[in-house]
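Reading the structure
Residues per chain are reported as follows:
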Amino acid sequence: MADKFLDLIDGVPTLKTPVASSAGSGDAGKIPKLDANGQLDLTMMPSGVAGDITSCVCSEDLDAGNLVNLWSDSGTLKARKANATDASKPADGFVLAAYTSGDTVTVYHDGIITGLSGLTVGAKQYTSKSTSGAATEDVSAHTTSGNQIQLVGKARSTSQIVFEPGESVTVA
């Protein structure tokens, strides 16, 4: 009952369930439900107001908070984990939920990466060489030829990164 509310429709009390995301005009008149962060899903926002997002299929399992790379698989845009050991996998965005390979994912290109842990407040964050999809504060191990160094943002708390990606630089 906690996820339901009572609405009066033509004077008749009716029990309704709020929706967490919108599929478009078919959801007209429904009441939105806030997500775990107390925010509206971007699908609820009108054109021009929503964040910069890309919807595509992921080619590997992704965890919430992963940095992702967008790539072309024979002309089809797909998402995979960013990785500093491969100059072709810079971080183009991030995901806020976990996905299984083949799922349609929402990739965010700006905003706050949440649900992380162990970050140093104020420290610059880079794509990781040792853990695909993760960020690191230490790029001293990235000096092998062919690796990339890419700033992806700054930790604003021990569990959040403000995502502001820079260009990746390939180590010669």
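Located above this text is the structure these notes cover.
Model, not experiment: these values are computed from the prediction.

**So, the overall build of the protein chain**
On a plain count of helices and strands, the protein chain comes out with zero helices and 14 strands. C-alpha extents for the protein chain along the principal axes are approximately 70 × 40 × 30 Å. Within the protein chain, contacts between residues at least 6 apart in sequence are counted, and of these 50% link residues at least 24 apart. As displayed, the protein chain has an accessible area near 9,600 Å², and 51% of this comes from carbon and sulfur atoms. Distance from the positive charge centre (12 side chains) to the negative charge centre (19 side chains) of the protein chain: 2 Å.

**Here we look at the pairing of strand β4 (residues 67-73)**
As defined by bridge partners, β4 adjoins strand β6 (residues 93-94) across two bridges and the pair is classed as antiparallel. When the sheet's bridge partners are listed, Leu 67 is paired in β6 with Phe 94.

**Points about the side chain of Gln 150**
Among the secondary structure elements, Gln 150 is positioned in the loop between β11 (148-149) and β12 (151-155). For Gln 150, a relative accessible area of 2% corresponds to the buried category. In this structure the side chain of Gln 150 is engaged in a polar contact, spanning 3.0 Å, whose partner is the backbone oxygen of Gly 166. Aside from chain neighbours lying at most four places away, what touches Gln 150 is Pro 90, Ala 91, Gln 125, Tyr 126, Thr 127, Pro 165, Gly 166, Glu 167 and Ser 168.

**Some remarks on the state of the cysteines**
Applying the stated criterion across every chain, the model contains zero disulfides. No disulfide involves Cys 58; its sulfur sits 7.9 Å from the nearest other cysteine sulfur, which is in Cys 56. Accessibility expressed as a relative area gives 1% for Cys 58, which makes it buried.

**Considerations on the pattern of salt bridges**
Per the counting criterion, the structure on display carries two salt bridges. In this structure, Lys 30 and Asp 27 form a salt bridge, with 2.9 Å as the shortest nitrogen-oxygen distance. Judged by its relative accessible area of 15%, Asp 27 falls in the buried class. For the salt bridge of Lys 78 with Asp 73, the shortest nitrogen-to-oxygen distance reads 2.7 Å. On the accessibility criterion, Asp 73 (27% relative accessible area) is partly exposed.

**Describing the sheet that holds strand β10 (residues 135-136)**
Either a parallel or an antiparallel arrangement is found when strands of a sheet pair, and the pairing is made through backbone hydrogen bonds. Read from one edge of the open sheet, five strands run β8-β13-β12-β9-β10, paired in antiparallel fashion. Edge positions in the open sheet fall to β8 (111-113) and β10, since each of these has one partner strand only. Inspection of the sheet shows β8 paired to strand β13 (residues 161-163) by three bridges, in the antiparallel sense. Counted as the bridge partner of Ile 113 is Ile 161 from β13.

About the cut-offs
- Residues numbered from 1 in each chain as written.
- Predicted model: local features only at pLDDT ≥ 70, side-chain atom pairs only at ≥ 80, totals over all residues.
- Heavy atoms only, no water.
- Helix = DSSP H or I, 4+ residues; strand = E, 2+ residues; numbered from the N terminus.
- Contact = heavy atoms within 4.5 Å.
- Areas by Shrake-Rupley, 256 points an atom, 1.4 Å probe, with all protein chains shown as cover.
- Lys, Arg positive; Asp, Glu negative; His and termini not counted.
- Charge placed at Lys NZ, Arg CZ, Asp CG, Glu CD.
- Pairing = 2+ DSSP bridges.
- Buried < 20%, exposed > 50% of the residue type's maximum accessible area, 1.4 Å probe, protein only.
- Polar contact = N/O pair within 3.5 Å; in protein donor to acceptor, adjacent residues only side chain to side chain.
- Disulfide = S-S within 2.5 Å.
- Salt bridge = Lys/Arg side-chain N within 4 Å of Asp/Glu carboxyl O.

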